[in-house]
Each structure stands twice: as C-alpha cells, then as structure tokens.
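# Coordinates in review
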Amino acid sequence: MGGEKEQWFGPGETARRVGVTTKALRVYEREGLVVPHRAESRWRLYGSAQIARLHQIIVLRDLGLSLKSIKKLVGDHSRLREILRLQRETLESQEHKIRRAITLIERAQRQLDEGRDLSLGDLENLTKETVMQQSTDNKKFAARFEALIAEQDLTGHASRTFDGIKKEYSADAHKAALTAMMAEASQLKEAGDVNSEAAKEFVRRMRSRTADIRRSTPQAEQEIIRNAYSKAVAEAQARSEPLSFDPAVLEFFRQVAQGMKERGELD
DNA sequence: ATTCTCACA
DNA sequence: TGTGAGAA
C-alpha cells in the first residue's frame, strides 16, 4: 500500500469540513462516539477515520436518532443498513401522506374559491383520513409484534398464548379498564418516582389482574412475547412511527416492578 | 485559533 | 443535545 501520509485536522477545520461546531465535536467525544488523536500540545487531531465516522454520526443525527442509539450503530454496518432502509421507508410513507394532504387542501380551496362553504360531511372526511391513518399505524404495530413472536416461537405455543391474551383483553369491559389504567399509569410516570407508594400500589393492582396469565404461561413463552414487544417498539421508534401508547410508561412500570422485586416486596 | 469546566435551555 | 461564558 502506498505511503499516503495521514492528514490531520484541528477541531475548527474538522468542524467546518463536516458541518458542525467544535462544541458538537466535543459532545460527540464526551459521549464516546468519536475520539480524536491528541497532539503533544493536547490539541485534538482528526484523521480520515475520525472524519468518516463523523459523517456517519451526522447523517444519523439528521435522521433524528439520539446519540445513544447512534453509538450503538456506528461501526455496525448490518444495523446501519437496516436503519437506513427503515428511515427511507418512513420518509417515503411521509411523502405519500403529505401528497394526500395537499390534494385534500387543494380540493377544499377550490370549493371555497367557488363560493361554497365546506360542509360538515367534508370536514368529517378530513378527520376520517387522519383517524384511518392512526388505526393503520396500530394495526401495523400489532402485525409486526405478532410476526416477531411467531419468528421466535418454534412450538407455536407462544402465539396461541398471545392469541388468548388478546382475545381476553379485547372484551369491551377490559378495554375500558385498560384505557383507565393507561391514563393512571401515565400520570404516575409523569410524577417520575419509581419508588412512590402510588406507583407500587399500581403495580400490585396490575399484577393481580394479570396473575392468572403469568401463572398459566410458561416462562419461555413470556420471554418470547416480551422480546417481541421490545423489538417491535424499537423498530417503530427507529422509523419514528407514532404508537398509540407510550412505551416509556410501560418501561417506567417495568422499573417500578424491578425495584420491588429487588427489595423482595414482590413474590 | 485551542484547552477546560460550569451553568443553562 | 448542544451552547455561551470565562479563565488559561
């Protein structure tokens, strides 16, 4: 290989070349994403490897990923390809949404230009569009969730268990109760204290409701379902897809329960 | 033009 | 996730 000498750039020059500030460079360094070389003088020096890495980071950041997830991704080319594909699909689907919205607006504008008011029916159609969009988002998540269960589930037991859970919880009485509990849950999560009596009480109540399921479902199946859930959520978030529930709320209660278990407050 | 740390949104 | 100030 030829003796191309490595070119080294200082912080200012590097920042200019990749289009960020020197402050940002130091944030990425602090978070462990790019570690520059150091001159004797302690000045940071960025070579081609560091600059290539910076380009990766900046592309992912512009896609809206957190530095934390970027850290997990850079250097892992298979994951990188996957994320870029997911983001591309998301942007393309947003492109369709925007086109449809423009069409609707143009239609409404024409109607107003012709001196006609928009009827209640027209407005209803506009809202229906968005409602339908939401419900297809939900269905998409549910479908992916189930597909991931099936993937890990060689015996088919977990899928059947999940079907049973789904059936039981789709009863109207349960639906209303679940909605109420999710509302209560997000209040508690906002309060932010994983050790509050209220949060622990809520977890106990939740667990007593689901005790039957936990008792009758083998550990391995529970794990498959949990893993599929995490993965489906992670994928949805990587695509910046809206979810009908807040995963952070469930994560909050996972932490509450974890803490209770560690202190032996839970069986 | 750089280093660091701190407070702040 | 960065920024701006202030000191070296």
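The sections below set out a description of the structure shown in this document. All figures in this text were calculated on a predicted structure; none of them were measured in a lab.

What counts as what
Residues numbered from 1 in each chain as written. Chains lettered and ligands numbered in written order. Predicted model: local features only at pLDDT ≥ 70, side-chain atom pairs only at ≥ 80, totals over all residues. Heavy atoms only, no water. Helix = DSSP H or I, 4+ residues; strand = E, 2+ residues; numbered from the N terminus. Contact = heavy atoms within 4.5 Å. Areas by Shrake-Rupley, 256 points an atom, 1.4 Å probe, with all protein chains shown as cover. Salt bridge = Lys/Arg side-chain N within 4 Å of Asp/Glu carboxyl O. Buried < 20%, exposed > 50% of the residue type's maximum accessible area, 1.4 Å probe, protein only. Near = heavy atom within 4 Å. Polar contact = N/O pair within 3.5 Å; in protein donor to acceptor, adjacent residues only side chain to side chain. Axes fitted to C-alpha atoms, helices over the stretch in contact; angles between N-to-C directions. Parallel < 35°, antiparallel > 145°, perpendicular 65-115°, else oblique. Nonpolar A, V, L, I, M, F, W, Y, C, P; charged D, E, K, R; others polar. Patch = residues over 30% accessible without salt bridge, like charges linked within 9 Å, V, L, I, M, F, W, Y side chains within 5 Å. Core = buried A, V, L, I, M, F, W, Y, C linked by side-chain atoms within 4.5 Å. Domains from an automatic or database assignment.

### Focus on the overall build of chain A
On a plain count of helices and strands, chain A comes out with 12 helices and two strands. Along the chain direction, N to C, the helices and strands of chain A fall in the order α-α-β-β-α-α-α-α-α-α-α-α-α-α. Counting only contacts in chain A whose residues sit at least 6 apart along the sequence, the fraction spanning at least 24 positions is 58%. Here chain A displays about 18,000 Å² of accessible surface, and carbon together with sulfur accounts for 54% of that area.

### Quick look at the pattern of salt bridges
In total, this model carries 21 salt bridges according to the counting rule given. Here R88 makes a salt bridge to E92, at a shortest N to O gap of 2.7 Å. One end of the pair is R88 and the other is E92, both in helix α5 (residues 77–113) and four residues apart, which spans about a single turn. Classification of R88 as exposed rests on a relative accessible area of 55%. Several salt bridges share partner residues, and in doing so they unite E197, K200, R204, R263 and E265 into one network.

### Things to note about the protein's contact with DNA strand C
In the vicinity of DNA strand C, the residues found are T21, K23, A24, V27, Y28, R30, R61, S66 and L67. Sugar and phosphate atoms form 47% of the subset of DNA strand C atoms that lie within 4 Å of the protein. Within the side chain of K23, one N or O atom sits 3.0 Å away from a base nitrogen of DNA strand C. Here Y28 contributes a side-chain N or O atom positioned 3.4 Å from a phosphate oxygen of DNA strand C.

### Brief notes about the packing of helix α8 (residues 172–191) against helix α12 (residues 247–262)
Relative to each other, α8 and α12 sit at 70°, their axes nearing to 9 Å. As the angle between them shows, α8 and α12 are arranged roughly perpendicular. The segment α8 lies against α12, with M182, A185, S186, L188 and K189 engaging A248, V249, L250, F252 and F253. Looking at the contact of α8 with α12 residue by residue, the class counts come to eight nonpolar, one polar and one charged.

### Digging into the protein's contact with DNA strand B
Around DNA strand B, a shell composed of P11, G12, K23, R26, R38, R42, W43 and R44 is seen. Taken together, the sugar and phosphate atoms account for 82% of what DNA strand B places within 4 Å of the protein. G12 places a main-chain nitrogen or oxygen 2.3 Å from a phosphate oxygen of DNA strand B. R38 places a side-chain nitrogen or oxygen 3.3 Å from a phosphate oxygen of DNA strand B. Among the secondary structure elements, those contributing two or more residues to the surface near DNA strand B are α1 (11–18) and α2 (22–30). Of the residues contributing to the surface near DNA strand B, the split by class is two nonpolar, one polar and five charged.

### Considering unusual backbone geometry
Within the chain, R42 stands out as a residue other than glycine whose phi angle is a positive 80°. Topologically, R42 is positioned in the loop between β1 (37–38) and β2 (44–45). According to the relative accessible area criterion, R42 is exposed, its value standing at 56%.

### A closer look at the side chain of T14
Structurally, the position occupied by T14 is in helix α1. Here T14 falls in the buried class, since its relative accessible area comes to 0%. Look past the residues within four positions of T14 in its chain and what remains in contact with it is F9, L25, Y46, I51 and L54.

### A word on a nonpolar patch on the surface
Nonpolar side chains collect at one region of the surface, where L120, L123 and L126 lie side by side and expose about 290 Å² of accessible area between them. Summarising the element assignment, L120 is placed in helix α6 (residues 120–152).

### Some thoughts on the nonpolar core
By size, the foremost hydrophobic cluster in this structure holds 23 residues, and its most contacted members are V20, Y28, V34, L54, I57, L60 and I70. Every element with two or more residues in this core is listed here: α1, α2, α3 (48–62), α4 (67–73) and α5. When residues in this core are grouped by element, the largest group, five residues, is from α3. The two domains that each donate at least three residues to this core are domain 1 (11–73) and domain 2 (77–118).

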